[in-house]
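This is what each chain is made of:
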Amino acid sequence: MHYHWRALLGILMLLCVMASQPLHAQTSEAIQVISSSARPDFPNEIVFALEATSSAAAISTVQLLYGPTRSEAALIVDLEPPAQPQVRLEHRLDTQVYYYPPGTEMSYRWLIRDADGNSIETPVQQFVYTDERFGWQERTVGEVTIFWYAGGDAFGDAVAGTVEQTLSNLSNTLKASLRAPVRIYIYASIPDMYSALQANSAEWIGGQANTGLGVIVAAIAPDNEREIRRMIPHELSHQVLHQHIENPYGNLPRWLDEGLAVHHQEVRDREYDQLLIEAAQENRLIPLEALASSFPADPDQAQLSYAQSRSIVEYILDTYGEEPLQTMIMAFAEATPVEEAVQSALGMSVDELDAAWRSELPAATMPAPDLSGPQVAPQDRFRDPPVLPVGAINPVPTPTPAPTTLGDRVAALPAWVTLGGSALFCLTGVVLLAVVLLVALRRIGVDKRN
Ligand SMILES: [Zn+2]
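Residues numbered from 1 in each chain as written. Predicted model: local features only at pLDDT ≥ 70, side-chain atom pairs only at ≥ 80, totals over all residues.

**A few points about the overall build of the protein**
At step 1: If you tally the helices and strands in the protein, you get 12 helices and 14 strands.
At step 2: With 450 residues in all, the protein has 32% of them scored as buried.
At step 3: Contacts in the protein between residues far apart in sequence, at least 24 positions, make up 73% of those at least 6 positions apart. (Helix = DSSP H or I, 4+ residues; strand = E, 2+ residues; numbered from the N terminus. Buried ≥ 20, exposed ≤ 12 C-beta atoms within 10 Å, placed from the backbone. Contact = placed C-beta atoms within 7 Å.)

Okay, structure coming up:
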């Protein structure tokens, strides 16, 4: 339907700032809101509904503005009111397409105009997009609320204990604490959790965390206390650090973020020690500078990245204490570049820190491998390396790497094939972009004439 396309285009084309400015309802004598509501039905949809009336003229424009409360941006949907003084409108947001994790705090408001030029903006309304399909128990520890449905009070006690301990550890090490609520949803099996994640999430995901929204989604079997003590501190560390830095554009290096997260786990990943020693001897350690942004997609290289990150954080803690880490984190809160932040905290460059740390590891007995060529970044920074989150009940298959990587296959092709392929790929991209732009522009044109 036409309305459907308009709504979709509205979502795609328009962005505005909502959460950053306080909003007040504008009083208009003429326009009255009879009812305004949002009916969440996780994980399928959110239905926004409005009934409004104008005593002066037909309602001419209705816009819905919605988005996560913690996000700066709101999405706008143009609804098409019938040319009547009293209207009742609905917008169905398909959350299989526009995904929000369970526990997302949502905000919305309406902009309404009539044919006489009267307009009102409704006050912001909020709700939490919760997963109502399970009978959640809940427990709050400080800013953290834990939701679980299997394992009874004993399970809740175990998670609450770990949360409390982790918050205390983070406060001691980093002088950092949560400033806004964090919700932890613990599903009892992988299939249950997958039903709450975005479609097509990578199969080995044991949990997902969104620091911007203050949400952690995990799969932990009721009897798997080990996984509670591994995953919960790890994900909480990310949440605390990101809230503490409070700067989404701060360039917190990934080795510091993940290194602190792995360090704070109550269950230590023992295999990392061996990984490090082997990588050092075989001259395969990844330069620290390369661990500042995304980690490699290759599972073995990703594991090594986590192992190195933990090791470097613990090297700093053991050698210089907690203060340099606190100094560094404060610098990142002010969006200080990595090189400068490390220099100010430790009095050395990133390369010097890397060299000092390596000097404590076994010496290399092999020549360095050739690491040139493009490296593929993982799609999502919240995805941690493969783990077995639900133990005996529902083991997750560890991904088996393909016998040859895509890079190897491409490298094996003749030069004319790769060149031709690249040219075709670029051309297709340009043509697609042009078509999308043309359609979008035409649609906007149509909308303006109406
Ligand atoms: Zn992590």
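**Section: helix H4 (residues 225-245)**
At step 1: When the terminal C-alpha atoms of H4 are compared, their 30 Å separation across 21 residues agrees well with the 30 Å that a helix rising 1.5 Å per residue should span.
At step 2: Among the 21 residues in H4, 19 count as buried, and that is most of the element.
At step 3: Within two residues after H4, Glu-246 carries a phi angle of roughly 50 degrees, on the positive side. (Expected span 1.5 Å × (residues − 1).)

**Section: the pairing of strand S4 (residues 59-68)**
At step 1: Here 9 bridges tie S4 to strand S7 (residues 104-114), and the two strands are oriented antiparallel to one another. If you follow Pro-68 over to S7, its bridge partner there is Met-106.
At step 2: Two strands pair when backbone bridges link them, and S4 and strand S5 (residues 73-79) are joined in this way by 5 bridges, in the antiparallel orientation. Bridge pairing in S5 places Leu-64 opposite Val-77. (Pairing = 2+ DSSP bridges.)

**Here's the deal with the nonpolar core**
At step 1: Counting residues in hydrophobic clusters, the biggest one holds 66 residues, and the most contacted among them are Ile-146, Val-159, Ile-184, Ile-186, Ala-218 and Met-328.
At step 2: Non-local contacts of Ala-218, meaning those with residues more than four positions away in its chain, are made with Ile-184, Ile-186, Gly-207 and Met-231.
At step 3: Among the nonpolar cores identified, the runner-up in size contains 23 residues, and Phe-42, Leu-79, Leu-93 and Met-106 belong to it. (Core = buried A, V, L, I, M, F, W, Y, C linked by C-beta atoms within 7 Å.)

**Quick word on the sheet that holds strand S10 (residues 137-141)**
At step 1: Ordered by their spatial adjacency, 5 strands build an open sheet running S10-S11-S12-S14-S13, and the pairing between neighbours is mixed. Each having just a single partner strand, S10 and strand S13 (207-210) make up the two edges of the open sheet. Taken pair by pair, the neighbouring strands of this sheet meet at an average axis angle of 15 degrees, ignoring direction.
At step 2: By the bridge criterion, 5 bridges tie S10 to strand S11 (residues 144-148) in an arrangement that is antiparallel. (Axes fitted to C-alpha atoms, helices over the stretch in contact; angles between N-to-C directions.)

**Looking at the confidence of the model for the protein**
At step 1: Per-residue confidence for the protein gives a mean pLDDT of 81, with 74% of residues at or over 70.
At step 2: Overall, residues 373-421 carries pLDDT values under 50, and its contacts beyond four positions in sequence, including any with other chains, amount to 61 contacts.
At step 3: Low pLDDT, under 50, characterises residues 435-441; the stretch is placed with 2 contacts to residues that sit more than four places away or in other chains. (pLDDT = per-residue confidence, 0-100.)

**Here we look at the sheet that holds strand S3 (residues 45-54)**
At step 1: If you trace the 3 strands from one edge of the open sheet to the other, you get S2-S3-S6, paired in antiparallel fashion. Each end of this open sheet is capped by a strand with a single partner; those strands are strand S2 (31-41) and strand S6 (86-94). Sheet twist, expressed as the average angle between the axes of neighbouring strands with direction ignored, equals 10 degrees.
At step 2: In this sheet, S3 lies alongside S2 in antiparallel orientation, the contact comprising 10 bridges.

**Some words on unusual backbone geometry**
When glycine is set aside, most residues are seen to have a negative phi, and most peptide bonds are trans.
At step 1: Between Phe-42 and the following residue, Pro-43, the backbone shows a cis peptide bond with an omega angle of 0 degrees.
At step 2: The residue Pro-43 is located in the loop between S2 and S3 in this model.
At step 3: With a phi angle near 55 degrees, Lys-175 is a residue other than glycine that sits in the positive phi range.
At step 4: Along the chain, Lys-175 falls in the loop between helix H2 (152-174) and strand S12 (182-187).

**Describing the environment of Ile-190**
At step 1: Structurally, Ile-190 is set in helix H3 (residues 190-194).
At step 2: Judged by the 21 C-beta atoms lying within 10 Å of it, Ile-190 falls in the buried class.
At step 3: Considered as a pair, Ile-190 and Ile-220 are 30 residues apart in the sequence and their alpha carbons are 8.1 Å apart.

**Here's the deal with helix H5 (residues 254-264)**
At step 1: For H5, the tally of buried residues reaches 10 of 11 residues, placing the bulk of the element in the interior.
At step 2: Among all positions in H5, only Trp-255, Leu-256, Asp-257, Glu-258, Gly-259, Leu-260, Ala-261, Val-262, His-263 and His-264 are buried.
At step 3: Structurally, H5 contributes buried residues whose contacts are with H2, H4, helix H7 (299-320) and helix H8 (323-333).

**Observations concerning the pairing of strand S14 (residues 215-219)**
At step 1: Burial analysis of S14 places 5 of its 5 residues in the buried class, which makes it a mostly covered element.
At step 2: Judged by which residues are buried, S14 turns out to be covered on both faces: Val-215, Val-217 and Ala-219 on one side and Ile-216 and Ala-218 on the other are all buried.
At step 3: Bridge count between S12 and S14: 5 bridges; the pairing is parallel. For Arg-183, the partnering residue across the bridge sits in S14 and is Val-215.
At step 4: Alignment of S13 against S14, held across 4 bridges, turns out to be antiparallel.

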